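# Overview (structure and organization)
In case you want the letters, here they are:
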Amino acid sequence: MVRLAEAFIFRRTGAPLQALDARVRLLLLLEAFAGALLLRPPALLGLLLALLGLSVASRALRRVGGALASSLPFAGLLFLADLAFGLGAGLGLTSALRLEALVAASSLLFISLSPEEVEGVMAWLGLPGGLRLAFAGAVRFFPLLTLDAGRVLDAQRSRGLRLGGANPFRLAKGLVPLLVPLLAVALSRSQAVAEAMAARALGAARRRPAPGRLGHLDGLALLAALLFAAALPFLA
């Protein structure tokens, strides 16, 4: 779980992806999400390889690779579920690749965008303050929730919990005892955050700095994003 949490923690590294404007980064990664949901092989495999190449450019291949390795049992579960329902191996492989592409895109989103940058882009778009706060909070607290899941898992293992090894069905069944304590931890943290925000006068007017102008590298990345968006209906 620690390796999985590492794949979703933002760190300022000076990587080329982080040098782009936050608006361009968010657009690129949202398009990656759309491609992961809509594309089919072999374009889906190409998207996954492109995301891995982007993780190399972001100096985060080890962290993204750790997230992909952690999600492999769930990809195997999807593959076996499609086989069990008679949907065929081709659709099962597509579902597994789709999950891996979504995990890679999610990891790159968390690695390359800080919560403050996410909230700044949403403010630039004119979105409501409550929605901005909820989304930025999700970006900030998802890695902590992953670490909490690791602690709950260790505690349950000390009480005799067995996850079933490499068997995906036993793994899914073994995850059930983790949900209730993890939900209790999440609710406790959300209550503490709500009390802290109320004590700091949440909702008081405060002007945020507007994002700066786009640079030449931002323009090239934005052009690539627009071309991918135009080609997406033909590739899906």
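Higher on the page you've got the structure.
Here we summarise the structure given alongside this text. (Residues numbered from 1 in each chain as written. Predicted model: local features only at pLDDT ≥ 70, side-chain atom pairs only at ≥ 80, totals over all residues. Heavy atoms only, no water.)

## Topic: the overall build of the chain
Which entries qualify depends on this criterion: Counting from the N terminus, the helices are the DSSP runs of H or I reaching at least four residues and the strands are the DSSP runs of E reaching at least two. Using a 1.4 Å probe on the protein chains alone, a residue whose accessible area is under 20% of its type maximum counts as buried, one over 50% counts as exposed, and one in between counts as partly exposed. We call two residues contacting when some pair of their heavy atoms lies within 4.5 Å.
In terms of regular secondary structure, the chain is built from eleven helices and zero strands. Element order for the chain, N to C, with α for helix and β for strand: α-α-α-α-α-α-α-α-α-α-α. Across the 236 residues that make up the chain, the buried fraction comes to 35%. Expressed as a percentage of contacts within the chain between residues at least 6 apart in sequence, the contacts between residues at least 24 apart total 78%.

## What to know about helix α3 (residues 22-38)
Put simply, the test is: Multiply 1.5 Å by the residue count of a helix minus one, and that product is the helix's expected span.
Compared with the 24 Å implied by 1.5 Å per residue over 17 residues, the 24 Å span of α3 between its first and last C-alpha is a close match. Every buried residue of α3 is listed here: A22, R23, V24, R25, L26, L29, E31, A32, G35 and A36. Along its buried surface, α3 packs onto α2 (16-19), α4 (43-57), α6 (89-112), α7 (115-124) and α11 (216-235).

## Observations regarding the nonpolar core
Basically, it comes down to this: Side-chain atoms within 4.5 Å are what join buried Ala, Val, Leu, Ile, Met, Phe, Trp, Tyr and Cys residues into a set we call a nonpolar core.
The biggest cluster of nonpolar side chains holds 30 residues, and the ones touching the most others in it are L51, V64, A104 and L113. For this core, the secondary-structure elements that each account for two or more residues are α3, α4, α5 (61-84), α6 and α7. The greatest single-element share of this core, amounting to nine residues, is contributed by α6. In contact with L51, other than residues within four places in its own chain, are A32, A101, A104, A105 and L108.

## Considerations on the pattern of salt bridges
Stated formally: Here, a salt bridge means any side-chain nitrogen of Lys or Arg that lies within 4 Å of a carboxyl oxygen of Asp or Glu.
On inspection of all chains with the given rule, the structure shows four salt bridges. Among the salt bridges present, the one from R12 reaches E117, with a minimum N-O distance of 3.5 Å. Note that R12 is positioned in the loop between α1 (2-6) and α2 and E117 in helix α7, a separation of 105 residues in sequence. Note on R12: relative accessible area 54%, which makes it exposed. The residue R23 makes a salt bridge to D21 at a minimum N-O spacing of 2.8 Å. Sharing partners across several salt bridges, the network here consists of R12, R25 and E117.

## Some thoughts on α4
Because each turn of an α-helix spans 3.6 residues, side chains separated by three or four positions in sequence point in the same direction. Under the convention used in this document: In this context, the arc is that of the directions from the helix axis out to the C-beta atoms.
Under the 1.5 Å per step criterion, the end-to-end length of α4 is 21 Å for 15 residues, consistent within 8% with the ideal 21 Å. Taken together, the buried positions of α4 are occupied by L44, L47, L48, L51 and S55. Each buried residue of α4 lies within a common arc of 100° when the element is viewed along its axis, so the set occupies one face. Where α4 is buried, its residues touch α3, α5 and α6. Phi turns positive, to about 60°, at R59, one or two residues after α4.

## With respect to the packing of aromatic side chains
What counts, and what does not: A pair of Phe, Tyr and Trp rings is counted when the ring centres sit within 6.5 Å of each other, with Trp represented by its six-membered ring. The angle between the planes then sorts it: under 30 degrees is stacked, over 60 is edge-to-face, the rest tilted. Note on geometry: a ring has a charge over it if NZ (lysine) or CZ (arginine) is within 6 Å of the ring centre and within 35 degrees of the ring normal.
On inspection of all chains with the given rule, the structure shows zero aromatic pairs. Here R23 stacks its cationic end above the ring of W124, 4.8 Å away from the centre of that ring.

## Looking at a nonpolar patch on the surface
In plain terms, the rule: Exposure above 30% relative accessible area and the absence of a salt bridge qualify a residue for a patch, where like charges join within 9 Å and nonpolar side chains (Val, Leu, Ile, Met, Phe, Trp, Tyr) within 5 Å. Note that accessible areas follow from Shrake-Rupley with a 1.4 Å probe, and for residues the cover is restricted to the protein chains shown.
Together, F85, L87 and L91 give the surface a local cluster of nonpolar side chains, amounting to about 340 Å² of exposed area. With respect to the secondary-structure elements, F85 resides in the loop between α5 and α6. Residue classification places F85 among the exposed positions, given a relative accessible area of 69%.

Honestly, it's all geometry; don't read function into it.
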